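Close look at the chain arrangement
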Amino acid sequence: MPDNPELAERERMSFLLNFSQDIAAVRTKADLEAAISNALQRLLNTRLAMIRVIGEDGQTLVPYLWDISLFSSVMGLFDELTSRRTAVTDYFFAQVLASAEPIIFDIAEEERKGNSPEYILFFKQLGLRQVYASALRVGEQNLGTMFFLSNHLDVNLLKGLCAQISTAISNILANEKILAYKQLLEIENDQLKEQIRTIYNFSEIVGSGPEMQEVYHLMSLVADSSSTVLLLGETGTGKELIARAIHNSSPRKDKLMVKINCAALPANLIESELFGHEKGAFTGAVERRIGKFELANKSTLFLDEIAEMPLEAQVKLLRVLQEKELERVGGKTTVKVDVRIIAATNRDLEEEVRAGRFRSDLYYRLNVFPITLPPLRDRRDDIVPLAHFFVNRYSKNSGRKVTGIAPEIIRELLAYSWPGNVRELEHLIERTVLLTRDHMIRQIHLPKERTVEKDVPALPSLTLSEMERAYIIDVLRRFEGKISGTDGAAEFLDIPATTLHSKIKKLHISKSDYY
C-alpha cells in the first residue's frame, strides 16, 4: 500500500469493492480460495489458516479451506487435529460461533487458564502470541469458522471481509447441493429406465406355439414403422407386454412409452389427461399441465382399454390422430405432436360400433394393423413354460428356493381352462410360491370351474311401453338429442322423424331425460 494514508484508504476501498464483485461471482472452492488469498495478502498482509464449515449434522465442523504451506513445521500435529472430529462445542470454536465480532485469543492467557492444550501447543509451535478468528454466518445462521495466523490484524476490515466470504461460501454450498441432487436424480432416472427395460424386456414374452409365432411375425412386420397398432384379446393375454415389445423394437425405443388406461379415468378428466390443460381452464386447474400426448411426443402412446373412452373424447382423439395437432383444454393455440399410437381392448370393437358405443371413424383409424392375442386355453403348449418362468421369477423375488413343479400339478395346470389367461396363471404361481415350503410345488389351489346353467331366461319386469321409452331415451343420449337428418336418432331407429316426435310426445320424454 502507498505511504500516503488518504491514497492508501482510497486504494483499499477500491480493492474492497472489486473483491465484493469478484467474490459474488465465485462458484467453486478453487476460485474462492484464490480470491480470499489475494484479499488477505493485499489488505491485511496475512494468509488464511483454516476455514471450517458446519457439517450436515449441525454438530461438527469440517475442514473446508486452508493454506497447507503455513503448517510445514507442524505437519504431524496439524494432521492429528484436522483428522479428528471437531465439535461446535469445542472451546475455541464455541466462543467464535457465539460472538458477533471477530475474536482475538491471547495464547499465553489461554495457556494459563488451561484451555484446549492441544490447540495451545499447536499455536505456540507456530510461534504465535495471538490468534484471530471470526464466525462465518449469513443472517442469523452460522456457517462455520475462519482462523488467521497473525499477531496483529485490522478487526473492522476483517469483519467486512468475513461477511462477504460467508455469502460466497453459502452460495457454493447451495450450488454443490443442487449439483448433488441433480446427479442423484440422473442416477435414479437411469436406474428407472434400466428397470423398465428389464421388466418389460422382449425376451420375457414366453411362448413358442404356432399361435404366438403368428403374433411375433406380425410384431416384426409393424415394429419399425409408425403405423397405428390395435391389440385385441381377452383380459390377461399380455397386451401391454406386446405393446412395450413393439415400442422397444421401434426407432422410438430411446424414449419411454407413455401409457394411459382409458377405463381408470372419469369422463370429465380423460380429455385433460390426454391433451393437457391451461391454468384456470376449469376448477382445480391451478397451473398449466401438459397431457399424455405431449409427453409421448417422438415416442409411443399406449391407449389401454380404448373401448371405455367416452364418445365425446373419441371425437377429439380422432381429430388429433388425423391432424397430428392438439389444443390443451382452455387453450387457444395448437401444439404439433408426433406420436405413434398403440391401442388395446378386450371388447369386440365392431360390435361396439354397431351398438353406437364406439365411433366407426375412430375404429377405422385405429384398426390399421390389428394383432389378436390368443387366449391361454388355445396355447396349451405354452402353459408349462410360462409356469416355470413365473416360478423362477417369484422364487428369486421372494427368496424362496422353489425349483420345479410336480408332474401331477402340471396335469392340473394343463386341464384348467384359464379364463383369466396368462395374468391368472402368473398370480396363481406367485401365490403358490409364497405358500410352498419345499423345493417343489406339490399342491396348487385352482379355482373351481363354473358350469353354465341353461335356465329359462327371466322375463323383463318392464312393460312394453316402459321398455320402448327407455330405449328411445338411450338412443337420444347417444345422438346428443339430434332427432332428424343424417346421423340423427330417427335414421338410426329406421323410422321417420315425425314418427319419432310423436313417440317422444306420447311417452312423455322431455329434454331433461336425455341431456
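Residues numbered from 1 in each chain as written. Predicted model: local features only at pLDDT ≥ 70, side-chain atom pairs only at ≥ 80, totals over all residues. Heavy atoms only, no water.

1. What to know about the pairing of strand 5 (residues 130-138)
What counts here: The rule for pairing is simple: two strands pair if DSSP sees at least two bridges between them. The helix and strand labels rest on DSSP assignments: H or I over at least four residues marks a helix, E over at least two residues marks a strand, and numbering proceeds from the N terminus.
With four bridges connecting them, strand 4 (residues 103-106) and strand 5 associate as antiparallel partners. For Ile 104, the partnering residue across the bridge sits in strand 5 and is Tyr 132. Direction of pairing for strand 5 relative to strand 6 (residues 141-148): antiparallel, over a ladder of seven bridges. Along strand 6, the bridge assignment pairs Ala 135 with Thr 145. Hairpin connection between strand 5 and strand 6: a loop of two residues separates the two successive antiparallel strands, and Gly 139 in this loop has a positive phi of roughly 65°.

2. Here's the deal with helix 17 (residues 421-435)
Structural remark: α-helix, 3.6 residues per turn; residues separated by three or four positions point the same way. Condition: Expected helix span is taken as 1.5 Å per residue step, with the number of steps being one fewer than the number of residues. Burial status follows relative accessibility: with a 1.4 Å probe on protein chains alone, a residue under 20% of its type maximum counts as buried, one over 50% as exposed, and anything between as partly exposed. Contact definition: two residues touch when any of their heavy atoms are within 4.5 Å.
With 15 residues, helix 17 should reach 21 Å at 1.5 Å per residue; the first-to-last C-alpha distance of 22 Å fits that figure. Inspection of helix 17 places Asn 421, Val 422, Glu 424, Leu 425, Glu 426, Leu 428, Ile 429, Thr 432 and Val 433 among the buried residues, and these make up the whole buried set. Packing partners of the buried residues in helix 17 comprise helix 15 (380-398), helix 16 (407-415) and strand 15 (440-441).

3. Structural notes on helix 18 (residues 464-478)
Counted only if it meets this: Taken from the helix axis, the directions to the C-beta atoms give the arc we talk about.
If you check helix 18, its first and last C-alpha atoms are 21 Å apart, about what 15 residues at 1.5 Å a residue would give, namely 21 Å. Turning to helix 18, its buried residues number three or more, namely Ile 472, Ile 473, Val 475 and Leu 476. Each buried residue of helix 18 sits inside an arc of 165° when the element is viewed along its axis, so together they form one side. Those residues of helix 18 that are buried lie in contact with helix 19 (489-493), helix 20 (497-506) and helix 21 (511-514). Immediately downstream of helix 18, the backbone of Glu 480 shows phi near 55°, a positive value.

4. Here's the deal with the sheet that holds strand 9 (residues 300-304)
Put simply, the test is: Axes here mean lines fitted to C-alpha atoms, for a helix over just the part in contact, with angles spanning 0 to 180 degrees between N-to-C directions.
Pairing in this open sheet of five strands is parallel, and the strands run 8-9-12-7-13 from one edge to the other. With partners counted over all chains shown, the strands left at the sheet margins are strand 8 (258-261) and strand 13 (369-372), one partner each. Geometrically, the sheet is characterised by an average inter-axis angle of 20° between neighbouring strands, direction not taken into account. Bridging between strand 8 and strand 9 involves four bridges; their strand directions are parallel. Within strand 9, the residue paired with Ile 260 across the bridge is Leu 303. Its contacts with the sheet place helix 8 (residues 210-222) against strand 7 (229-232), strand 12 (340-345) and strand 13, and it is angled at close to 155° to strand 13.

5. Things to note about the nonpolar core
Cut-off, in case you're wondering: To form a nonpolar core, buried Ala, Val, Leu, Ile, Met, Phe, Trp, Tyr and Cys residues must be joined to one another through side-chain atoms within 4.5 Å.
Counting 31 residues, the largest nonpolar core has Leu 274, Phe 293, Leu 301, Leu 303 and Ile 306 as the members making the most contacts within it. Taken together, the elements giving at least two residues each to this core come down to strand 7, strand 8, helix 10 (267-275), strand 9, helix 12 (311-323), strand 12 and helix 14 (360-366). Considering each element in turn, this core owes the most residues, five residues, to helix 12. Each residue touching Phe 293, except ones within four places of it in the same chain, is listed here: Leu 274, Phe 275, Leu 301, Leu 317, Val 320, Leu 321, Leu 326, Val 337, Val 339 and Ile 341. Judged by nonpolar contacts, the second largest core, of 29 residues, contains Leu 32, Leu 48, Leu 65 and Ile 165.

6. Some thoughts on the packing of helix 18 against helix 20
Formally: Angles are sorted into four bins: roughly parallel if under 35 degrees, roughly antiparallel if over 145, roughly perpendicular if 65 to 115, and oblique for all others. Crossings are classed by handedness, with left-handed meaning an anticlockwise turn of the near helix from the far one by less than a right angle and right-handed meaning a clockwise turn. Residue type decides the class: Asp, Glu, Lys and Arg count as charged, Ala, Val, Leu, Ile, Met, Phe, Trp, Tyr, Cys and Pro as nonpolar, and the leftover types, Gly among them, as polar.
Helix 20 packs onto helix 18 with a crossing angle of 120° between their chain directions and a minimal axis gap of 11 Å. Judged on the interaxial angle alone, helix 20 and helix 18 are oblique. Pair helix 18 / helix 20 crosses with left-handed handedness. Packed against helix 18, whose contacting residues are Glu 468, Ile 472 and Leu 476, the element helix 20 presents Leu 500, Lys 503 and Ile 504 at the interface. Looking at side-chain class alone, the contact of helix 18 with helix 20 contains four nonpolar, no polar and two charged residues.

7. Focus on the pattern of salt bridges
The following threshold applies: Put simply, a salt bridge is a Lys or Arg side-chain nitrogen that is within 4 Å of an Asp or Glu carboxyl oxygen.
Inspection of the entire model under this criterion finds 22 salt bridges. Of the charged contacts in the structure, one is a salt bridge between Glu 101 and Lys 159, with a shortest N-O distance of 2.8 Å. Here the residue Glu 101 occupies a position in the loop between helix 4 (91-98) and strand 4, and Lys 159 occupies one in helix 7 (residues 155-199), the gap between them amounting to 58 residues. For Glu 294, the salt bridge is made with Arg 328, and the minimal N-O distance between the two is 2.9 Å. On the criterion of sequence distance, the pair formed by Glu 294 in helix 11 (residues 292-295) and Arg 328 in the loop between strand 10 (325-327) and strand 11 (334-336) is long-range, its members being 34 residues apart. Per residue, the accessibility class of Glu 294 equals that of Arg 328, and both read buried.

Any functional reading would require information beyond the geometric quantities listed.
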